[in-house]
Amino acid sequence: MDPDRTAMTGISWGGFTTCLVAAVDQRFKAAVPVYGCGFLFDGESVQKPSIDALGDRRQLWVDTYDPSSLLPRCRVPILFVNGTNDKHYPLDSYQKTVDRVPGPKGVRIEVNMRHGHQPGWAPQEIGLFIDAHCRGGTPLPTLGRPVIEGGKVLVPVESPTTIREAALHFTTDSGPRVDRKWQRVPAEVGNGRVTAPAPPAGANTWFVAATDERGAMVTTRVHFAD
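Here is a short report on the structure shown in this document. Bear in mind the structure is a predicted one, so any value in this text is a computation, not a measurement.

## Focus on the overall build of the protein
Point 1. Each helix and strand counted, the protein has seven helices and 13 strands in total.
Point 2. For the protein, the C-alpha radius of gyration of 17 Å lies close to 17 Å, the compact-globule estimate for 226 residues.
Point 3. Projected onto its principal axes, the C-alpha coordinates of the protein cover approximately 50 × 45 × 30 Å.
Point 4. Burial status across the protein gives 50% buried among its 226 residues.
Point 5. Taking contacts inside the protein between residues at least 6 apart in sequence as the whole, the part at least 24 apart equals 66%.
Point 6. Entry remark: accessible area of the protein is about 10700 Å², with carbon and sulfur atoms responsible for 50%.
Point 7. Once the 25 positive and 24 negative side-chain charges of the protein are each reduced to a mean point, those two points are 1 Å apart.

Okay, structure coming up:
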């Protein structure tokens, strides 16, 4: 094993474990948790009833094992991969987890990404991200924080590759996140930024995605109105 070219990834509970390891072991050069996140004790995750059933040991579990408690230590470059409607790792818990990481990070949120091993290892961005940090490969694009101005969403973009397309994704549905339907509006790319129409007044959750000439997609942080 080459310690300067060692990364890790995991799917579902393996993604959860990847979050934990990246937080406590800084020797890894990159980490890609697929689906896994923290804040499972505070949201719609199907894991929450089991955590609540711990009773007086619940807080000890949260402090010791939930990634939300450990990821503020993370300095390993990390790419979070998930879908919009995952019932195991819901989008609001997911974004709170991403926000806990102070070091370099990226996000790839796919609309209606299925939960499972085959869809979990399919995204090419996993390998591209790891290759960029371990083998001198071409990095993924980087999207900055969106700003709404003049009825538009403006997102700074830096990319060593050409951005082929971009879009605003949003939902106006309420109820459980696993059941919400998403809508897509094409965006424009130019002058170092993505420009999309502002989310409609009824949008409660939204983000912007950009895809480069390799077909590699990255997304902004997810924004919530409720």
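## What to know about the sheet that holds strand 3 (residues 78–83)
Point 1. Ordered in space as 1-2-3-4, the four strands form an open sheet in which the pairing is parallel. Looking at strand neighbours, the two that pair on one side only are strand 1 (7–11) and strand 4 (105–110), the edges of this open sheet. Strand after strand, the sheet turns through a mean of 10° between neighbouring axes, direction not considered.
Point 2. Judged from the two bridges that link them, strand 2 (residues 30–34) and strand 3 form a sheet pairing that is parallel. Looking at the pairing, A31 lines up with I78 of strand 3.
Point 3. Its contacts with the sheet put helix 1 (residues 13–24) on strand 1, strand 2 and strand 3, and the angle it makes with strand 1 is roughly 145°.
Point 4. The strands touched by helix 5 (residues 91–99) are strand 2, strand 3 and strand 4; relative to strand 3, the strand with the most contacts, the crossing angle is about 175°.

## Focus: the side chain of N204
Point 1. Note on placement: N204 falls in the loop between strand 10 (193–197) and strand 11 (205–212).
Point 2. In terms of polar contacts, N204 uses its side chain to reach the backbone carbonyl oxygen of D173, at 2.6 Å.

## What about helix 5?
Point 1. L91, S93, Y94, Q95, T97 and V98 are the residues of helix 5 that are buried.
Point 2. Contacts made by the buried residues of helix 5 are with strand 2, strand 3, strand 4, strand 11 and strand 13 (223–224).

## Description of the environment of L168
Point 1. Topologically, L168 is positioned in strand 8 (residues 163–171).
Point 2. Each C-alpha atom of the pair L168 and P199 lies 7.8 Å from the other, and the pair is 31 residues apart in sequence.
Point 3. Among residues more than four places away in sequence, those in contact with L168 are Q183, R184, V185, A196, P197, A198, P199, W206, F207 and V208.

## Description of the pairing of strand 7 (residues 152–158)
Point 1. With two bridges connecting them, strand 5 (residues 142–143) and strand 7 associate as antiparallel partners. Paired with L143 across the strands is V157, a residue of strand 7.
Point 2. Relative to strand 7, strand 6 (residues 147–149) is paired through three bridges, and the arrangement is antiparallel. Looking at the pairing, I148 lines up with V153 of strand 7.
Point 3. Hairpin connection between strand 6 and strand 7: a loop of two residues separates the two successive antiparallel strands, and G150 in this loop has a positive phi of roughly 55°.
Point 4. The pairing of strand 7 with strand 10 spans five bridges and is antiparallel. The residue of strand 10 that forms the bridge with L154 is T195.

## Details of the nonpolar core
Point 1. Ranked by internal contacts, the top residues of the largest apolar core, which has 63 residues, are V32, V34 and F80.
Point 2. Each residue touching F80, except ones within four places of it in the same chain, is listed here: C19, P33, L71, Y94, T97, V98, V101, G106, V107 and R108.

Definitions and cut-offs
- Residues numbered from 1 in each chain as written.
- Predicted model: local features only at pLDDT ≥ 70, side-chain atom pairs only at ≥ 80, totals over all residues.
- Heavy atoms only, no water.
- Helix = DSSP H or I, 4+ residues; strand = E, 2+ residues; numbered from the N terminus.
- Rg over C-alpha atoms; globule rule 2.2 N^0.38 Å.
- Buried < 20%, exposed > 50% of the residue type's maximum accessible area, 1.4 Å probe, protein only.
- Contact = heavy atoms within 4.5 Å.
- Areas by Shrake-Rupley, 256 points an atom, 1.4 Å probe, with all protein chains shown as cover.
- Lys, Arg positive; Asp, Glu negative; His and termini not counted.
- Charge placed at Lys NZ, Arg CZ, Asp CG, Glu CD.
- Pairing = 2+ DSSP bridges.
- Axes fitted to C-alpha atoms, helices over the stretch in contact; angles between N-to-C directions.
- Polar contact = N/O pair within 3.5 Å; in protein donor to acceptor, adjacent residues only side chain to side chain.
- Core = buried A, V, L, I, M, F, W, Y, C linked by side-chain atoms within 4.5 Å.

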